[in-house]
Amino acid sequence: MLLIAVPVVFILLTVATTPEKSTSLTVREGGRTLLQQAWLPDIHGGTMAPIAIASLVTLAGLFTVLNARAGDQRLSLAGFRPAALLASRLTVVALGALLATAASLVVTAAVFGARQWGLYIAASVLIALACGLIGVMLGPLFGRVGGVLIAFLVPFIDLGLEQSPMLRPDPPGWAHALPGYGATRVLIDAALTPAFDGTGPPLIALAWLTGLTLAAAVLFRRTATVLRWPRQRWAHDPTSSRASR
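Residues numbered from 1 in each chain as written. Predicted model: local features only at pLDDT ≥ 70, side-chain atom pairs only at ≥ 80, totals over all residues. Heavy atoms only, no water.

**Brief notes about the nonpolar core**
- Within the largest apolar cluster, 45 residues are counted, with the highest numbers of intra-cluster contacts made by Leu-25, Ile-43, Phe-112, Tyr-120, Ile-127, Leu-192 and Leu-212.
- Contributing elements (two or more residues each) for this core: β1 (22–29), α2 (40–77), α3 (82–111), α4 (117–162), α5 (181–192) and α6 (200–224).
- Those residues within four positions of Phe-112 in sequence are excluded, and the remaining contacts are Asp-42, Ile-43, Gly-46, Trp-117, Tyr-120 and Ala-191.
- Leu-56, Val-57, Ala-97 and Ala-128 belong to the second-largest nonpolar core, a separate cluster that totals 7 residues. (Core = buried A, V, L, I, M, F, W, Y, C linked by side-chain atoms within 4.5 Å. Buried < 20%, exposed > 50% of the residue type's maximum accessible area, 1.4 Å probe, protein only. Helix = DSSP H or I, 4+ residues; strand = E, 2+ residues; numbered from the N terminus. Contact = heavy atoms within 4.5 Å.)

**What about the environment of Met-137?**
- Relative to the helices and strands, Met-137 is located in helix α4.
- Between the C-alpha atom of Met-137 and that of Ser-124, which follows or precedes it by 13 residues, the distance is 20 Å.
- In this structure Met-137 touches Leu-212, Ala-215, Ala-216 and Leu-219, once residues within four positions along its chain are discounted.

**A look at the pattern of salt bridges**
- Throughout the structure, instances matching the rule amount to 2 salt bridges.
- Between Arg-185 and Asp-170 there is a salt bridge, with its nearest N and O atoms 4.0 Å apart. A residue pair is termed long-range when its members are at least 10 positions apart, and Arg-185 in helix α5 and Asp-170 in the loop between α4 and α5 qualify at 15 residues.
- Residue classification places Asp-170 among the partly exposed positions, given a relative accessible area of 35%. (Salt bridge = Lys/Arg side-chain N within 4 Å of Asp/Glu carboxyl O.)

**Some details on α4**
- For α4, which comprises 46 residues, the first-to-last C-alpha distance of 24 Å sits more than 12% below the rise-based estimate of 68 Å (1.5 Å per residue).
- Along α4, the largest kink reaches about 125° and is centred on Gly-143. (Expected span 1.5 Å × (residues − 1). Bend = angle between axes of the 7 residues up to and from the residue.)

**Overview of the packing of helix α1 (residues 2–16) against α2**
- Look at α1 against α2: their axes get within 9 Å of each other, and the N-to-C directions meet at 150°. With respect to their mutual orientation, α1 and α2 come out roughly antiparallel. You can see that α1 and α2 cross each other, and the crossing is right-handed. In this structure, α1 uses Leu-2, Leu-3, Val-6, Pro-7, Phe-10, Ile-11, Thr-14 and Val-15 to contact α2, whose residues at the interface are His-44, Gly-45, Met-48, Ala-49, Ile-51, Ala-52 and Leu-56.
- Across the contact of α1 with α2, the residue classes tally to 12 nonpolar, 3 polar and no charged. (Axes fitted to C-alpha atoms, helices over the stretch in contact; angles between N-to-C directions. Parallel < 35°, antiparallel > 145°, perpendicular 65-115°, else oblique. Left-handed = near helix turned anticlockwise from the far one by under 90°. Nonpolar A, V, L, I, M, F, W, Y, C, P; charged D, E, K, R; others polar.)

**Observations regarding the confidence of the model for the protein**
- Looking at the protein, pLDDT values average 82 and 91% of them are 70 or higher.
- For residues 227–237, every residue scores under 50 in pLDDT, and the model assigns this stretch 11 contacts once sequence neighbours within four places are set aside. (pLDDT = per-residue confidence, 0-100.)

**Section: a nonpolar patch on the surface**
- On the surface, a cluster of nonpolar side chains totalling about 400 Å² of accessible area is made up of Leu-153, Phe-156, Ile-157 and Trp-174.
- Mapping Trp-174 onto the fold places it in the loop between α4 and α5. (Patch = residues over 30% accessible without salt bridge, like charges linked within 9 Å, V, L, I, M, F, W, Y side chains within 5 Å. Areas by Shrake-Rupley, 256 points an atom, 1.4 Å probe, with all protein chains shown as cover.)

**Re the packing of aromatic side chains**
- This structure, assessed with the given rule, holds 3 aromatic pairs.
- Measuring from centroid to centroid gives 6.5 Å for Phe-112 and Trp-117, while their planes differ by 75°, and the two rings are edge-to-face.
- The exposure class of Phe-112 is buried, given its relative accessible area of 6%.
- Where Trp-117 meets Tyr-120, the ring centres are 5.3 Å apart and the plane angle is 75°; that geometry is what we call edge-to-face. You can see Trp-117 and its partner Tyr-120 sitting in helix α4, 3 residues apart, about one turn around the helix.
- Here the aromatic residues Phe-112, Trp-117 and Tyr-120 are joined through ring pairs into a cluster of three or more. (Phe/Tyr/Trp six-rings, centres within 6.5 Å; stacked < 30°, edge-to-face > 60°.)

Written as structure tokens, this is what we have:
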């Protein structure tokens, strides 16, 4: 319910409180980088939707892994392969990401008209999946409380501040290295231009998605198999007191 309700409330409140003024955005059109003027109330809802998606999906990834960690360790002891367990957890995270994205896009479509809806949806899904994988890694690294704080902080700094076209026409140089850069550039161009002619941003987004998937797999394997080694030692060491009992 939260994955549906929070984006709806967040986007509608954003639209209702948007100041009536113009803003400048950098877009790619015809192979050139252009500075385009836009009326803020017309575009603000479309640019805020990724922030709502990212924050929720990061939390979904974090809690999906944390809540299932003890069960995954028991399943690993029972003989389940870490790859199969990881696939099942990532499937849950992906479904949560798609649900939050769908809820956000339904509300966004009511208050904003993207020039290229197919590309806008694809960019939103890329943002959601990347943030879900970040949440998957935050849980084992920082725990429940610390992970929640960082899960709010990372999307806010990346998408809400550094990538936001509401604060500056173009992200600063260092923000190009953040996970949200590629997908956000695709989303902005899809929202404001009739044709997309840049291959760099989508490749950057896909590279981040691949890297985050590999990192999440390595970290998940370590946490899911942490209980396997003691059991194997006890089973093969006849002098172990637990094996004797």
